[in-house]
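Working through the structure, step by step
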There are 2 protein chains.
Amino acid sequence: MPYFSLALLPSPTSAAARDDLPAPAPVTGQGEVTVIGLGPAGPRWLTPEVGRALREAEHLVGYGPYVDRVPVRPGQERHTSGNQVETERAAHALDLALGGARVVVVSSGDPGVFAMASAVYEVATAEPRFAGVPVRVLPGLTAAQAAASRIGAPLGHDFAILSLSDRLKPWPVIESRLAAASAADLVLALYNPASASRRWQVGAAKDVLLRHRDPKTPVVVARDVGRPGEKLTVVSLGDLDPETVDMKCLLIIGSSTTQVSTRGDESVVVWTPRTYPA
Amino acid sequence: MPYFSLALLPSPTSAAARDDLPAPAPVTGQGEVTVIGLGPAGPRWLTPEVGRALREAEHLVGYGPYVDRVPVRPGQERHTSGNQVETERAAHALDLALGGARVVVVSSGDPGVFAMASAVYEVATAEPRFAGVPVRVLPGLTAAQAAASRIGAPLGHDFAILSLSDRLKPWPVIESRLAAASAADLVLALYNPASASRRWQVGAAKDVLLRHRDPKTPVVVARDVGRPGEKLTVVSLGDLDPETVDMKCLLIIGSSTTQVSTRGDESVVVWTPRTYPA
């Protein structure tokens, strides 16, 4: 396995991109794909690095609702597509870059977490014609961080981030991961808990978790975090009603040490101590 | 447990803080503690929301090297302290806010991930005199996201984030979590893998992981991500030399599906596919 035998490697970004702002713009006519994350919502969580990439892009490629969050700029072409066509979208972006364009693939949250970065590498490495197209990934805040910050600090100790969607992996794998993580007393952040067509998964996950966790374990149901309809609900695992969870939600399941405290203004905070008892 | 029986709760931030920029500044004379994350390094990853909180702060409280990363502003007081005094630092910040000051507690990375947010809630809920002090948390990019983005997309599928430090939890707990997470085939990001005084933990963790993972599993040793000395090394788990890991490093351990690919420019990328085989 010569390709990873203790090699000191340059990161896949260019040297210029590694320096802090301002960095020189890419050479005109040299195409590249930059996969960016807007953060979960709103400009307050969009990093300066991503803002710069968006300004310099010649083409924006992404799922319609995400591209719609980027202000329109004259001379910039926008290519939107539906959900669940990640591979086609990645190929489209790589083809544009192969033609010499600076292409930004727009993800919400962090593009490296259940998002477009893996899809772009999947296509870029599978198709020999894309071997020479530079690809870089610019991180963004992911939904679990935003949700956690809104309710306190539930991710303050060891945790796992799992997707509850069985569209791209078999349900038994999800079930075994839920069991392992809850048996190991990790806090859990669950992405994609439900959708219009995936309705039974939250109930099934709850059953698995209850085999290892106290029914009083706090659960945060975070809906539309950072958006106008933001709502954070704290409920015990035993009382969690799967019907209240839809595709706009993210769930955080506490560990045995996660605390629920009421502050002086009656607000409730959920936080996990940094220390873990012997 | 009336405090979390399916209550619809306001998030702990004020309504104004939830809107997008620009939000009104806090009322003068009303103290508050804002726990912020600078991101792993440099202004390119500092969110606008955090930038605003830093500008509006009357006091900055934090670990010296983190506060040193914030530009000096006239009229702003800076209170730096050493590592491992998180509780005292939190109490100091809360006391300043109790006196009416706008206080920002400065963390690196995300303050909600192995950082000051939990310490502040710990003190704020333990001491009755702090019950009325508003506390809010502003998220930041955490080191695992930055490291992942520099080498590709290793966190593109289910993963766990664990601290390898046994300063605040017993080693057997860490060992059982490593075993559970690797048996469940989660990608792992390991924080605090080593320090000047903690030298054997990486070797011990490697032994646990090798019980569940192929020795060829790719490991990313990410050092000083985003800083001038940034270096990303990809090595197989079997070849990982614990001596090469120190407190400036973060480790990412692949799952069975994590790929290592060489691009046209000879750079190596590590990425985990979105799909998981049946």
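Reading the values: the criteria
- Residues numbered from 1 in each chain as written.
- Chains lettered and ligands numbered in written order.
- Predicted model: local features only at pLDDT ≥ 70, side-chain atom pairs only at ≥ 80, totals over all residues.
- Heavy atoms only, no water.
- Core = buried A, V, L, I, M, F, W, Y, C linked by side-chain atoms within 4.5 Å.
- Buried < 20%, exposed > 50% of the residue type's maximum accessible area, 1.4 Å probe, protein only.
- Contact = heavy atoms within 4.5 Å.
- Buried area = accessible area lost by both parts, 1.4 Å probe.
- Salt bridge = Lys/Arg side-chain N within 4 Å of Asp/Glu carboxyl O.
- Polar contact = N/O pair within 3.5 Å; in protein donor to acceptor, adjacent residues only side chain to side chain.
- Helix = DSSP H or I, 4+ residues; strand = E, 2+ residues; numbered from the N terminus.
- Pairing = 2+ DSSP bridges.
- Least-squares fit on C-alpha atoms with pLDDT ≥ 70 in both.
- Axes fitted to C-alpha atoms, helices over the stretch in contact; angles between N-to-C directions.
- Domains from an automatic or database assignment.

1. Examining the nonpolar core
- Counting residues in each nonpolar core, the largest one holds 54 residues, and the members touching the most others are A:Leu178, A:Leu188, B:Leu178 and B:Leu188.
- Filtering out sequence-adjacent residues up to four positions away, A:Leu178 remains in contact with A:Leu162, A:Leu164, A:Leu188, A:Leu190, A:Ala205, A:Val208 and A:Leu209.

2. Some points on the interface of chain B and chain A
- Counting residues at the interface gives 96 residues for chain B, matched by 97 residues for chain A.
- Summed over both sides, the interface of chain B with chain A buries roughly 8,700 Å², with 59% coming from carbon and sulfur.
- The interface formed by chain B and chain A holds 10 salt bridges in total.
- Between B:Arg274 and A:Glu86 there is a salt bridge, with its nearest N and O atoms 3.5 Å apart.
- The interface formed by chain B and chain A contains 41 residue pairs in polar contact (both at pLDDT 80 or more).
- Looking at the side of chain B that touches chain A element by element, the count peaks at 7 residues for helix α5 (residues 116-126) of chain B.
- Bridge analysis of strand β8 (residues 159-163) of chain A against strand β8 (residues 159-163) of chain B gives 3 bridges, and the strand direction is antiparallel. Bridge assignment links A:Ile161 to a residue of β8(B), and that residue is B:Phe159.

3. Quick word on the relation of the copies chain B and chain A
- If you rotate chain B by 180° and push it 0.0 Å along the axis, it lands on chain A with an RMSD of 0.0 Å. Read as a symmetry element, the transformation amounts to a two-fold axis. Among all C-alpha atoms of chain B, that of B:Ala160 lies closest to the rotation axis, at 2.0 Å.
- Looking at the interface residues of chain B, 100% of them are also at the interface in chain A, so both copies use one shared face.

4. A few points about the sheet that holds strand β14 (residues 268-271) of chain B
- One open sheet holds the 3 strands; their spatial order is β7-β14-β13 (chain B), and the pairing between them is mixed. Pairing within the sheet leaves two strands with one partner each, and these edge strands are β7 (152-153) and β13 (259-262) of chain B.
- Here 2 bridges tie β7(B) to β14(B), and the two strands are oriented parallel to one another. Bridge pairing in β14(B) places B:Ala153 opposite B:Trp271.
- Running over the sheet, helix α5 (residues 116-126) of chain A touches β7, β13 and β14 of chain B and is turned about 130° from β14(B).

5. Some remarks on the domain arrangement of chain A
Residues and elements named next belong to chain A.
- The domain boundaries assigned to chain A delineate domain 1 (15-137) and domain 2 (143-271).
- Computed over C-alpha atoms only, the centres of domain 1 and domain 2 are separated by 30 Å.
- Contacts between the two partners involve 8 residues from domain 1 and, on the opposite side, 11 residues from domain 2.
- Taking both partners together, domain 1 and domain 2 bury about 860 Å²; carbon and sulfur atoms supply 58% of that area.
- Contact with domain 2 buries area across many residues of domain 1, yet Pro40, Trp45 and Phe114 alone supply 52% of it, more than any other trio.
- For the pair domain 1 and domain 2, the number of links is 1 salt bridge.
- Where domain 1 meets domain 2, there are 3 residue pairs in polar contact (both at pLDDT 80 or more).

6. A word on the pattern of salt bridges
- Throughout the structure, instances matching the rule amount to 28 salt bridges over all chains.
- When the shortest N-O distance is used, the salt bridge between A:Arg274 and B:Glu122 registers 3.2 Å. Placement of A:Arg274 in the segment after β14 (268-271) and of B:Glu122 in helix α5 is noted, with the two residues assigned to different chains.
- Residue A:Arg274 is classed as buried on the basis of its relative accessible area, which comes to 11%.
- A network of salt bridges, in which partner residues are shared, links A:Glu86, A:Glu122, A:Arg167 and B:Arg274.

7. What about unusual backbone geometry?
All names here are of chain A.
- One non-glycine residue, Gln84, adopts positive backbone phi at about 65°.
- Along the chain, the position of Gln84 falls in the loop between β4 (77-81) and α4 (86-98).
- For Gln84, a relative accessible area of 49% puts it in the partly exposed group.

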